[in-house]
Amino acid sequence: MDPANRPASSAEAAHALRGVVGRLRRRLLAVSGSDVLTPAQASALTLFVRGDADSGASLAQAERISPQAAAVTVAALAKAGLIERTADPADGRRQIIAVTESGLDYVQGARGMRQAWLEQGLTEEFTEDERAQLIAAAALLERLLQR
């Protein structure tokens, strides 16, 4: 659709969402004690835990970053003891990445802190009807992500 023909409400909604999602993301990072890892490192570690990446190349593709940036992130996570790298038996040039117990504990702990903060805020600040609206809005945002 031609940008000139888009409803004004689309621009307003896009602006509002970008602002609130950005602030929410920063708050969740602060709540989860993310001072140990950079946002890029935390994101990469989460991808490895979920199985969405298993190598530097798949991390680069998933995060849409350069292979060099992925290599720097992987090196930092390995140095912190959060992942282990082993040579791929089928291709010695490729390294397979596995999350260590420490890495899994980090992700689960951070996730738990974010979940607890959200639940407390939703309980204290919102009514049952408002929480239902947020659930509906989350479904709409999920639909946007599927584009």
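Keep in mind the model is a prediction, meaning the values are calculated, not measured.

Regarding the packing of helix 2 (residues 39-50) against helix 4 (residues 67-79)
Next up, step 1: Following both chains from N to C, one finds helix 2 and helix 4 inclined at 80 degrees, their axes separated by 10 Å at the closest point. Our classification of the angle between helix 2 and helix 4 gives roughly perpendicular. Contacts from Ala40, Gln41, Ala44, Leu45 and Phe48 of helix 2 reach helix 4 at Thr73, Val74, Ala76 and Leu77.
Next up, step 2: For the contact of helix 2 with helix 4, the per-class residue count stands at seven nonpolar, two polar and no charged.

With respect to the side chain of Thr73
Next up, step 1: Within the secondary structure, Thr73 is located in helix 4.
Next up, step 2: Contacts of Thr73, omitting those with residues within four sequence positions, involve Ala40, Gln41, Ala44 and Leu59.

Structural notes on the packing of helix 2 against helix 3 (residues 56-63)
Next up, step 1: Remark: helix 2 packs on helix 3, axes separated minimally by 11 Å, with the N-to-C direction vectors making an angle of 115 degrees. On the basis of the axis angle, helix 2 is roughly perpendicular to helix 3. Crossing of helix 2 over helix 3 shows right-handed handedness. Listed contacts from helix 3 to Ala40, Ser43, Ala44, Leu47 and Phe48 of helix 2 are Leu59, Ala62 and Glu63.

Some points on helix 3
Next up, step 1: Here helix 3 has its buried residues at Ser58, Leu59 and Ala60.
Next up, step 2: At its buried positions, helix 3 is contacted by helix 2 and helix 4.

Rules of the game
- Residues numbered from 1 in each chain as written.
- Predicted model: local features only at pLDDT ≥ 70, side-chain atom pairs only at ≥ 80, totals over all residues.
- Heavy atoms only, no water.
- Axes fitted to C-alpha atoms, helices over the stretch in contact; angles between N-to-C directions.
- Helix = DSSP H or I, 4+ residues; strand = E, 2+ residues; numbered from the N terminus.
- Parallel < 35°, antiparallel > 145°, perpendicular 65-115°, else oblique.
- Contact = heavy atoms within 4.5 Å.
- Nonpolar A, V, L, I, M, F, W, Y, C, P; charged D, E, K, R; others polar.
- Left-handed = near helix turned anticlockwise from the far one by under 90°.
- Buried < 20%, exposed > 50% of the residue type's maximum accessible area, 1.4 Å probe, protein only.

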